[in-house]
Protein chains: 2
Amino acid sequence: MVVEASCCGDIFLTTGTGRLVRIKGKDELCGFCILQIDEEVAKLLELKARLGGDDGKHQFVLKTAKGTRDYNPKQMAIREKVFNTIISCFKRHGAETIDTPVFELKETLTGKYGEDSKLIYDLKDQGGELLSLRYDLTVPFARYLAMNKITNIKRYHIAKVYRRDNPAMTRGRYREFYQCDFDIAGQYDAMIPDAECLKIVYEILSQLDLGDFRIKVNDRRILDGMFAVCGVPDDKFRTICSTVDKLDKMPWEDVKKEMVNEKGLSEEAADQIGEYVSMQGGMDLAERLLQDQKMSQSKQACAGLSDIKLLFSYLQLFQVTDKVVFDLSLARGLDYYTGIIYEAVLSQAGVESVSVGSVAGGGRYDGLVGMFDPKGRKVPCVGVSIGIERIFSIMEQKAEASAEKVRTTEVQVMVASAQKNLLEERLKLVTELWNAGIKAEVMYKKNPKLLSQLQHCEESGIPLVAILGEQELKDGVVKLRVVATREEVDICRADLIEEVRRRTSDAS
Amino acid sequence: MVVEASCCGDIFLTTGTGRLVRIKGKDELCGFCILQIDEEVAKLLELKARLGGDDGKHQFVLKTAKGTRDYNPKQMAIREKVFNTIISCFKRHGAETIDTPVFELKETLTGKYGEDSKLIYDLKDQGGELLSLRYDLTVPFARYLAMNKITNIKRYHIAKVYRRDNPAMTRGRYREFYQCDFDIAGQYDAMIPDAECLKIVYEILSQLDLGDFRIKVNDRRILDGMFAVCGVPDDKFRTICSTVDKLDKMPWEDVKKEMVNEKGLSEEAADQIGEYVSMQGGMDLAERLLQDQKMSQSKQACAGLSDIKLLFSYLQLFQVTDKVVFDLSLARGLDYYTGIIYEAVLSQAGVESVSVGSVAGGGRYDGLVGMFDPKGRKVPCVGVSIGIERIFSIMEQKAEASAEKVRTTEVQVMVASAQKNLLEERLKLVTELWNAGIKAEVMYKKNPKLLSQLQHCEESGIPLVAILGEQELKDGVVKLRVVATREEVDICRADLIEEVRRRTSDAS
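All of these numbers come straight from a predicted model, not from anything done at the bench.

## Brief notes about the environment of A:K154
Argument step 1. Along the polypeptide, A:K154 turns up in strand β7 (residues 153-162).
Argument step 2. For A:K154 and A:P193, which are 39 residues apart along the polypeptide, the C-alpha to C-alpha distance reads 9.6 Å.
Argument step 3. At 2.8 Å, the side chain of A:K154 and the backbone oxygen of A:H93 are in polar contact.
Argument step 4. Here the side chain of A:K154 touches B:E441 through a polar contact of 2.8 Å, side chain to side chain.

The following block contains the structure:
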């Protein structure tokens, strides 16, 4: 069955057997026709597969899929350290965690990401449901809340998400990447959970020791109010908003050009917006704008500005105002935000910070859960996403630059032998250590050389070696060697476990 | 373009515009034709989408994809506990960890899983590479080794894998599920790494406290040798092997019937196999079979039996022989095993254990990495996979049955107020606690009732409440309440952090 023509709502089809079918409208096409389409598609794809795929011949390539990567043990060690810092913070603030499947029904994601929907990975229709890989963790979270009728939760979720974007892997942009989200859902008093999200960003970025940073805050209602009083037509709010969002990458002149030339905004409107979006400050700026003749005409803007004031009062109590800036140029791309929005950037000078961009972002989205609820019941939410891949990139660069070696295992002691035929004795001793909870290794050779056993310790940063020899066995001792200093001391076998624990109390 | 007919290698096509094209053979179909196929497929799928998908009208269903599930906070708490036990064990044995992407090039998975390949999830062809979701962690591991030319590594990998199987979710069988793999790659002396894998299974199952268990071991070479001496034709080894694999679910009589009636084996051959596969023992059985008139005729079997003997000698040193059984009926499904194989089963009586099945399994696969190496260079590997979903199911059932509540957060103290208008004081105090690393919560209400604050503590198992009131503020103290006993004591504000730490030293 082939699409021949489609005109004025009519669709013409030729079936595989040459029959011409005229279809008046969508409702008149029956399930049988759809089944036929499926069959024809399957036949064509099978033919294509028989022909050897897109290049016509088989050439096996040993690689990971475009835009993805393996993590090697060193990268995993860094990743684990970063995750531990972040998870500790989330737990300190009393968050629970959930997990959702890596794919969702396609329609769960439909209509949530605007233009970016084209970046969603779909699964092949192998019969059954139409599925897509998750694009973020926020939409699955909202689906989870609606599905389980949960109205209050403070949760974090760390998992991979998928976007068929153009990868820029050197700058930490991948098609498969981690998101690291903390969200508070529930009907609460204004700005208290919002302020805690900012406190969390502050704590995480401080503890990861990434250098100085700033957290910009704004409010969608202030942006919309600003657009209204500057004379932007209602139907252009979202598109002008995404142009404003480019201010961190483009100078104002170019942003203005886009507004006027591409989006058809008047020159005066653009200039008025230009004045506002250059403003930065704190609670004082919010107060000043509440008195601003133009801005104060918008109810929406006033509501947003009052909330910014309240937010800053809580941020003072949380002791984080030194890094937070009220910045009217902050817009954020996503459609679903309804109130406060924020974004953290590293403010270190140099090329690195430019390429790294924002390292955390989030905001309030009070309408998303309602999109999934059959009765449209809303659950107000506010959350933050830590830009973990960018942080990994920075940490990896730092590890490369540092003299300190990244350990990929936590082994405390290597059980070694100085002579031949001691495999059994090594296995006995390592069993004693394992059974006592000591992290220990033994080489998988019958008669390894002492030198190669010591080399393995140097390479993987194992601090201690327990060396067995005929003499040690006779004396009931073990020679304990400190790899770093080469110091050796005989330890009574019965005291070995305690001695290893004592000497490696940091590592265990 | 539509497939009209295909006969004697000729393929006839009608293009969308009615043109008939006759194709003699695969090589004569040009890239242009393939492009046309792609276009037609796209048109048809677009039409299908316009028609509203498979059911012709939109009906939004709030659910997760078939065979998948969300993990709620309680399930996550159990999962975290299980993972911690397993990861601690892997780390105690000196393993590094890696991660690989959730999808691989389709051809990386091709030809690795035999019949089960039909269960692989493919991604939709959206232009670019053909991708599939990973089916296990072993094939990506082998791909990783070959791609990075790694010849020695001891690594663990915990991640989700995907199989379009018939889900049986009550028995812990899902389409998306975790695998938990530990593998040792490298050319080492026989049976030392193999024995360590069994030691690891022993440690993990003991520590998870799942009740009594047994670890069955066998060797593919013993199976093949046994088939040979029993008169199974070479080309039937694999298919008879998969019939033997059903012995844990079917009685011998049915297995024999399948061998004779379905697989065409002679009655005598089947009976001889039946004798062998009923044998169970330890090192002594291996010794006996080495003397067995028939078995000893097979070089392969002898090599396997000698290795079983060696394995048991190491298992004695590792102190795990009490749970390990040499069992000639163990076959394991996967094609890629080349030596020792093993499987752990819970031996508790009752319905549960029957439905749970094996909780760990693995073996030696010396040929898999070579399949990815352009020059076929082999890297010998042995590994074990912990059947984590089944373990989750058991742990969840245990948690349900137990009186003890599963905590989903680790909050040590709730900052509460006894009177109105103390939000600022609460936020100040909780900031002090957070800054000191204490896990603390505060309700997001201006004036929450004391009762609702206390109730929240009871519900989520928070052990302490730091209560502020006018009097406490005046006196410079905090009233610390122990939730379990309702005991209350005034603590000097400067001592609060130390007091909370002291009283919750287990929980932190």
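Next comes the rest of the write-up.
## Here we look at the pattern of salt bridges
Argument step 1. Under the definition given, this model contains 80 salt bridges over all chains.
Argument step 2. Measuring nitrogen to oxygen at the nearest pair gives 2.7 Å for the salt bridge that ties A:R143 to B:D70. With A:R143 in helix α4 (residues 138-147) and B:D70 in the loop between α1 (31-50) and α2 (73-92), the pair connects residues from two separate chains. Across this residue pair, the class does not change: A:R143 and B:D70 are buried.
Argument step 3. One salt bridge connects B:K74 with B:E400, and the closest N-O pair in it is separated by 3.6 Å. Of this pair, B:K74 sits in helix α2 while B:E400 is found in helix α14 (residues 388-401), placing the two residues 326 residues apart along the sequence.

## Comments concerning helix α6 (residues 220-229) of chain A
All names here are of chain A.
Argument step 1. α6 sits mainly inside the fold: nine of its 10 residues count as buried.
Argument step 2. Buried residues of α6: R220, R221, I222, L223, D224, G225, M226, F227 and V229, and no others.
Argument step 3. As for α6, its buried residues are in contact with β9 (213-219), α7 (237-244), α9 (267-277), α11 (299-317), β11 (324-327) and β12 (340-346).
Argument step 4. Two or three places before R221, at the opening of α6, D219 has a side-chain oxygen 2.8 Å from that residue's backbone nitrogen.
Argument step 5. Just beyond α6, the residue with positive phi is G231, at close to 85°.

## Side note on the packing of α7(A) against helix α8 (residues 252-262) of chain A
Helix-helix packing is characterised by the crossing angle of the two axes and by the distance between the axes.
All names here are of chain A.
Argument step 1. One way to put it is that α7 packs onto α8 with a least axis distance of 9 Å and a crossing angle of 160°. Judged by the inter-axis angle, α7 sits roughly antiparallel to α8. Where α7 crosses over α8, the two elements pack in a sense that is right-handed. Residues I240, T243 and V244 of α7 form the contact with α8, whose participating residues are V255, E258 and M259.

## Examining the packing of aromatic side chains
Argument step 1. Applying the stated criterion to the full structure yields 28 aromatic pairs over all chains.
Argument step 2. Considering the side-chain rings of B:Y71 and B:F392, the 6.2 Å spacing of their centres and the 85° angle between planes classify their relative orientation as edge-to-face. Of this pair, B:Y71 sits in the loop between α1 and α2 while B:F392 sits in helix α14, placing them 321 residues apart in sequence. Like B:Y71, the residue B:F392 is buried in the burial classification.
Argument step 3. An aromatic cluster is present here, built from A:Y71, A:F83, A:Y178 and A:F392 joined pairwise through their rings.
Argument step 4. Here the basic side chain of A:R79 rests over the ring of A:Y71, its NZ or CZ set 4.7 Å away from the ring centre.
Argument step 5. A cation sits over an aromatic face here: B:R69 above B:Y71, 4.5 Å from the ring centre.

## Here we look at the sheet that holds strand β7 (residues 153-162) of chain B
Each strand in a sheet pairs with its neighbour through backbone hydrogen bonds, running either in the same direction (parallel) or in the opposite one (antiparallel).
Residues and elements named next belong to chain B.
Argument step 1. The sheet built from nine strands is open, its strands ordered β4-β7-β8-β14-β13-β12-β9-β11-β10 with mixed pairing. The open sheet has two edge strands with one neighbour each: β4 (96-97) and β10 (280-281).
Argument step 2. The sheet contact formed by strand β8 (residues 176-185) and strand β14 (residues 381-386) spans six bridges and is antiparallel. Its bridge partner lying in β14, D181 is registered against S385.
Argument step 3. The strands that helix α4 (residues 138-147) touches are β7, β8 and β14; relative to β8, the one it contacts most, it runs at about 45°.

## Topic: unusual backbone geometry
Argument step 1. Despite not being glycine, A:R486 has its phi angle at roughly 65°, a positive value.
Argument step 2. If you trace the backbone, A:R486 turns up in the loop between β18 (477-482) and β19 (488-492).
Argument step 3. On the basis of relative accessibility, which here comes to 57%, the residue A:R486 falls in the exposed class.
Argument step 4. Located in the positive-phi region is B:M191, a residue other than glycine, with phi close to 70°.
Argument step 5. By the secondary structure assignment, B:M191 is in the loop between β8 and α5 (192-208).

## Digging into the UniProt feature "binding site: L-histidine" (unreviewed entry) in chain A
All names here are of chain A.
Argument step 1. Sites flagged by UniProt as "binding site: L-histidine" (unreviewed entry) map to D136, L137, T138, R163, Q179, D183, R332, Y336 and Y337.
Argument step 2. By the secondary structure assignment, T138 is in helix α4.
Argument step 3. Those residues in contact with T138 that sit more than four places away from it in its chain are D181, Y336, Y365 and L368.
Argument step 4. R332 gets classed as buried once you look at its relative accessible area, which sits at 15%.

## Some details on the pairing of strand β15 (residues 413-417) of chain B
Residue and element names in this part refer to chain B.
Argument step 1. Of all five residues making up β15, five are buried, and the element is well covered by its neighbours.
Argument step 2. As paired elements, β15 and strand β16 (residues 440-442) share three bridges and run parallel to each other. By the bridge assignment for β16, M414 is matched with E441.
Argument step 3. Across five bridges, β15 lies against strand β17 (residues 464-468) in parallel orientation.

## Looking at the environment of B:F60
Argument step 1. Position of B:F60 relative to the elements: it lies in the loop between α1 and α2.
Argument step 2. Looking at B:F60, the relative accessible area reads 33%, which means it is partly exposed.

## Notes on the sheet that holds strand β15 (residues 413-417) of chain A
Residues and elements named next belong to chain A.
Argument step 1. Strand order in the open sheet formed by five strands is β16-β15-β17-β18-β19, with mixed pairing between adjacent strands. Edge positions in the sheet fall to β16 (440-442) and β19, since each has one partner strand and no second. The sheet shows a mean angle of 30° between the axes of neighbouring strands, direction not considered.
Argument step 2. Examined bridge by bridge, strand β17 (residues 464-468) and β18 share four bridges and lie antiparallel to one another. Each bridged residue has a counterpart across the sheet, and for V465 the counterpart in β18 is R481.

## Some details on the nonpolar core
Argument step 1. Counting residues in each nonpolar core, the largest one holds 129 residues, and the members touching the most others are B:F90, B:L145, B:M226, B:F227, B:I273 and B:F326.
Argument step 2. By size, the runner-up hydrophobic cluster in this structure holds 128 residues, among which are A:I120, A:I222, A:C241 and A:L317.

## Examining the environment of B:Q455
Argument step 1. Secondary-structure assignment places B:Q455 in helix α16 (residues 450-460).
Argument step 2. Counting along the chain gives 28 residues from B:Q455 to B:V483, while the straight-line C-alpha distance between them is 9.6 Å.

## A short note on the confidence of the model for chain A
All names here are of chain A.
Argument step 1. When the pLDDT values of chain A are averaged, the result is 88; 86% of them are 70 or greater.
Argument step 2. Note on residues 50-58: pLDDT is under 50 here. Beyond four places in sequence and across chains, it has 16 contacts.
Argument step 3. Long-range and interchain partners of residues 349-355, a stretch whose pLDDT sits below 50, account for four contacts in this model, where long-range means more than four residues apart.

## A word on helix α2 (residues 73-92) of chain A
Residues and elements named next belong to chain A.
Argument step 1. The end-to-end C-alpha distance of α2 is 28 Å, a good match for the 28 Å that 20 residues give at a rise of 1.5 Å each.
Argument step 2. Residue N72 occupies the N-cap position of α2, its side-chain oxygen lying 3.1 Å from the main-chain nitrogen of K74.
Argument step 3. In the segment just after α2, G94 is the residue with positive phi, at about 75°.

## Brief notes about the side chain of B:K91
Argument step 1. Take B:K91: it is sitting in helix α2.
Argument step 2. Here the side chain of B:K91 touches A:E80 through a polar contact of 2.6 Å, side chain to side chain.
Argument step 3. Ignoring anything within four residues of it in the chain, the contact list for B:K91 reads A:E80, A:E410, A:K439 and B:Y156.

Calculation criteria
- Within every chain, residues take consecutive numbers counted from 1 along the sequence as written.
- Here every chain gets a letter starting at A, and every ligand a number starting at 1, in the order they are written.
- It should be noted that, the model being predicted, local features are given only for residues of pLDDT at least 70 and side-chain atom pairs only at 80 or more, the latter also being counted only at that level, while totals for whole chains, interfaces and linings use all residues.
- Note that the side-chain values use all heavy atoms of the structure and ignore hydrogens as well as water.
- A helix here means a DSSP run of H or I that spans at least four residues, while a strand means a run of E at least two residues long, and both kinds are numbered starting from the N terminus.
- Counting of polar contacts relies on pairs of N or O atoms within 3.5 Å, with two restrictions inside protein: one atom must be capable of donating a hydrogen and the other of accepting it, and residues adjacent in sequence are counted only when both atoms are side-chain atoms.
- One side-chain nitrogen of Lys or Arg within 4 Å of one carboxyl oxygen of Asp or Glu is enough to make a salt bridge.
- Three exposure classes are used, based on accessible area relative to the maximum for each residue type with a 1.4 Å probe and protein chains only: buried under 20%, partly exposed in between, and exposed over 50%.
- Only heavy atoms enter the contact rule, under which two residues are in contact if any of them lie within 4.5 Å.
- Between N-to-C directions, angles span 0 to 180 degrees; the directions come from axes that are lines fitted to C-alpha atoms, helices contributing only their stretch in contact.
- Just so you know how the angles are binned, under 35 degrees is roughly parallel, over 145 roughly antiparallel, 65 to 115 roughly perpendicular, and the rest oblique.
- Each crossing gets its hand from how the near helix is turned against the far one by less than a right angle, where anticlockwise is left-handed and clockwise is right-handed.
- Whether two aromatic rings pair depends on their centres lying within 6.5 Å, for rings of Phe, Tyr and Trp, where Trp uses its six-membered ring; planes under 30 degrees apart make the pair stacked, over 60 edge-to-face, and the rest tilted.
- In this analysis the charged atom, NZ for Lys or CZ for Arg, is taken to sit over a ring once it is within 6 Å of the ring centre and within 35 degrees of the ring normal.
- Here, a strand pair is defined by DSSP locating no fewer than two bridges between the strands.
- UniProt positions are given in the numbering used here, feature names are shortened, and annotations may be inferred rather than shown by experiment.
- Here, the term nonpolar core denotes a set of buried Ala, Val, Leu, Ile, Met, Phe, Trp, Tyr and Cys residues that are joined through side-chain atoms within 4.5 Å.
- A score between 0 and 100, pLDDT records how confident the predictor is in each residue.
- Each helix should span, by expectation, one fewer than its residue count multiplied by 1.5 Å.

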